[in-house]
Structures are given as C-alpha cells and as structure tokens.
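Listed here are the chains, written in short residue letters.
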Amino acid sequence: MARARRGGWRVQGAVGGGRTAPGPLARLLLAVALIGTTGLAVPALAGAQDIARVTFEEAVRRALASHPTVQGAAAQILRADAIRQQVRARALPSVDATFTTTVIDPVTSFGGENIVPRTQTISAGGLAVPLLSPVRWAERAQAADQVAVAERAGAEARRAVALATGQAYLAVIAQRRVLELNERARDHARAHYDYANQRLQGGLGSRLNALRAQQELSANEARVEEARLGITRAQEALGVLIAA
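Being a predicted model, the structure only gives us computed values, none of them experimental. (Residues numbered from 1 in each chain as written. Predicted model: local features only at pLDDT ≥ 70, side-chain atom pairs only at ≥ 80, totals over all residues. Heavy atoms only, no water.)

Asks: Explanation requested: the pairing of strand E6 (residues 119-128) in the structure shown.
Replies: Look at any regular strand and the pattern is simple: side chains alternate between the two faces of the sheet. Within E6, only 0 of the 10 residues are buried, which leaves the element largely exposed. As paired strands, strand E3 (residues 94-103) and E6 are joined by 10 bridges and run antiparallel to one another. In the strand pairing of E6, Val 95 is matched with Leu 127. (Buried < 20%, exposed > 50% of the residue type's maximum accessible area, 1.4 Å probe, protein only. Helix = DSSP H or I, 4+ residues; strand = E, 2+ residues; numbered from the N terminus. Pairing = 2+ DSSP bridges.)

This is how it looks when you write it as structure tokens:
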C-alpha cells in the first residue's frame, strides 16, 4: 500500500517474510556506505598481505641492529677508541734506525791509490723512552674519558631506540583494540538503525529516531575508518624503526 506524503511517497506493507521495504533514501545511504566501506577495505587487505608479522623481541632486536642512530653511536665509540690508541702510542718507547749509503764518483786518488772508498754506508740507531711527559698523560686520560662518554652515549641511543620501538609496537596493539571497539559500536549502531527504520516503515516509529540512528551509524563508521588509519600510521612508524 502506498501512502502519499509531503515531499514524496512512502511504501508501507509486508514484503517477503514480514520485512518492510526500505525507503529510497535509506537504500541510497546504505549503498553509499557499502561502496565506501568496500573501497577502503580492499587496499587495507591488499596491503596487509605485504606486512610481515614480528614479535616484540624480534622488533626490538631488528631496530637495535639496523637503526642509524645506534649505528652512528657505535661508529663514535670506534672513533674515540682509535683516538685513545693513537694518543697512547705517543707515550710509548720509540726505536729509530737510519741507514745512509754514499757513492763517490770520481773517487779521490793519490799516487794511483784511492784515498776514500767509492761506497760508504753509515747506520745509526736510537731508543727514546719518555720518562716524564705530563702533557701526553693528560691527553691519554682525556681520550679514555671520551671513550667512556661515547660508550654511555651509545647505550643511551640503544635504550632510546628500544623504547621507541616498544612504544610503536604497543601503539599498533592499542590501535587494533580501538578498531575492535569501534567496529562493535558500528555493528550496534547498524542494528539500531535497522530497527528504527523498520519501525518507521511500519508506521510505529518517528523519522527523527531513524535519522538519529542513521547519524549515529555514520559517526561510528567514520570512527572505524579513523581507527584503521591509526593502525596504518602506527605500523608505518614501527616499520621505520625496524627497517631504517
């Protein structure tokens, strides 16, 4: 049975098994929501196949092994240690040896005999032992302090990277829990909207309740998409830390 209303027509009656036919506006909104949900879900599913699953310990281990901050700190430790060894070498005993060969041409002769040999070889050696060098001792102590500072900076860098990786990992888990809650709220809102729409089609409910239920459904669907976006961003942040 069709009932004339201001601004359009409304279909009222039983359609197959006691269900009422939804109005044109409701069918249009449901179609748009279905298309929008499908279009956003396909890239998410396609991208999920390329995401590798890692455990918490593996994520932290990979971040500590490949993060540029940790690698830079390790390089600073090696550099400070090389400077310390270089400064230490200056305070160690040193041995010097020189060999000099002189060739004279023409050879000075007197009475048919050579006065100076044609080839002369001179060798000399020296040993230097620094007994008192306070400047070098101070440089050696300063270099050792620089090594200790670099080691502590490296440990701090490793701690910061591990902490950031752990927080990013937990952020992914938290965003998934948020997505589950929003999906549950969306399902409840959809059930509420279907119930309000059925009451409206049956002439028992009001259009205001149906519109409120529809608005609540749209808001929950928006929250679901925001939660999915939050998961993607959290996964990207974790991926940057792991595969940097």
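Asks: Can you walk me through the packing of aromatic side chains in this structure?
Replies: In this description, a pair of aromatic rings is defined by centroid distance and the angle of the planes. Enumeration according to the criterion identifies 1 aromatic pair in this entry. With centroids separated by 5.4 Å and ring planes inclined at 90 degrees, the aromatic side chains of Phe 56 and Tyr 169 adopt a geometry described as edge-to-face. Here Tyr 169 lies in helix H4 (residues 134-201) and Phe 56 lies in helix H2 (residues 56-66), a separation of 113 residues in the sequence. (Phe/Tyr/Trp six-rings, centres within 6.5 Å; stacked < 30°, edge-to-face > 60°.)

Asks: Honestly, the pattern of salt bridges in this entry has me stumped. Any pointers?
Replies: Side-chain pairs of opposite charge can arise where the charged atoms are in close proximity. Under the criterion given, the structure shown has 8 salt bridges. Taking the shortest distance from any N to any O, the salt bridge between Arg 84 and Asp 81 comes out at 2.6 Å. Taken together, the positions of Arg 84 and Asp 81, both in helix H3 (residues 68-90) and 3 residues apart, correspond to about one turn of that helix. Residue class for Arg 84 comes out partly exposed when judged on its relative accessible area of 26%. Exposure remark for Asp 81: the relative accessible area of 24% places this residue in the partly exposed category. Among the salt bridges present, the one from Arg 228 reaches Glu 225, with a minimum N-O distance of 3.3 Å. Of this pair, Arg 228 and Glu 225 both sit in helix H5 (residues 207-242), 3 residues apart, roughly one helical turn. Classification of Arg 228 as partly exposed rests on a relative accessible area of 22%. According to the relative accessible area criterion, Glu 225 is partly exposed, its value standing at 23%. Residues participating in the shared-partner salt-bridge network are Arg 186, Asp 187, Arg 190 and Glu 221. (Salt bridge = Lys/Arg side-chain N within 4 Å of Asp/Glu carboxyl O.)

Asks: Before we go on, may I ask you to explain the nonpolar core in this structure?
Replies: Side chains of a nonpolar character, in soluble globular proteins, are inclined to be buried together. In terms of nonpolar packing, the biggest core is built from 9 residues, these being Val 54, Ala 59, Ala 168, Tyr 169, Val 172, Ala 234, Leu 238, Leu 241 and Ile 242. Put simply, the parts of the chain that give this core at least two residues each are H4 and H5. Considering every element that reaches this core, the biggest residue donor is H5, with 4 residues. Not counting the four nearest positions on each side in its chain, Ala 234 is found in contact with Ala 168, Ala 171, Val 172 and Gln 175. (Core = buried A, V, L, I, M, F, W, Y, C linked by side-chain atoms within 4.5 Å. Contact = heavy atoms within 4.5 Å.)

Asks: Quick question: what am I supposed to make of the environment of Arg 88 here?
Replies: Looking at where Arg 88 falls in the secondary structure, it is placed in helix H3. C-alpha of Arg 88 to C-alpha of Arg 140: the two residues are 52 residues apart in sequence and 5.8 Å apart in space.

Asks: Any chance you could explain the environment of Val 224 here in plain terms?
Replies: Along the chain, Val 224 turns up in helix H5. Judged by relative accessible area, which is 1%, Val 224 ranks as buried. Not counting residues up to four positions away in its chain, the partners in contact with Val 224 are Leu 179, Asn 182, Glu 183 and Arg 186.

Asks: Would you explain the confidence of the model for the chain in this entry?
Replies: Do not read the predicted coordinates in detail wherever pLDDT is low. Per-residue pLDDT for the chain has a mean of 76; in total, 73% of the residues score no lower than 70. Low confidence marks residues 1-22, where pLDDT is under 50. Its contacts with residues over four positions away, or in another chain, come to 28 contacts. For the stretch residues 24-49, pLDDT sits under 50, and the model shows 8 contacts to residues farther than four places along the chain or on other chains. (pLDDT = per-residue confidence, 0-100.)

Asks: Explanation requested: H2 in the structure shown.
Replies: Spacing of three or four residues puts side chains on the same side of an α-helix, whose turn is 3.6 residues. Within H2, the full set of buried residues consists of Ala 59, Val 60, Ala 63, Leu 64 and Ser 66. Looking at the buried side of H2, the elements it contacts are H3, H4 and H5.

Asks: Please explain a nonpolar patch on the surface as it appears in this structure.
Replies: Together, Val 95, Leu 127, Val 129, Leu 131, Leu 132 and Trp 137 make up a nonpolar patch on the protein surface, roughly 730 Å² of accessible area in all. Following the sequence through the fold, Val 95 ends up in strand E3. For Val 95, a relative accessible area of 65% translates into the label exposed. (Patch = residues over 30% accessible without salt bridge, like charges linked within 9 Å, V, L, I, M, F, W, Y side chains within 5 Å. Areas by Shrake-Rupley, 256 points an atom, 1.4 Å probe, with all protein chains shown as cover.)

Asks: Which parts of the structure should I look at to understand the side chain of His 67?
Replies: Mapping His 67 onto the fold places it in the loop between H2 and H3. Residue His 67 is classed as buried on the basis of its relative accessible area of 13%. Side-chain polar atoms of His 67 contact the backbone nitrogen of Thr 69, separated by 3.1 Å. (Polar contact = N/O pair within 3.5 Å; in protein donor to acceptor, adjacent residues only side chain to side chain.)

Asks: What's the story with the environment of Ala 196 in this structure? I'm lost.
Replies: Turning to its location among the elements, Ala 196 is positioned in helix H4. Between the C-alpha atoms of Ala 196 and Gln 214, which are 18 residues apart in sequence, the distance is 8.9 Å. When residues no more than four places from it in sequence are discounted, the contact partners of Ala 196 are Asn 209, Ala 210 and Ala 213.

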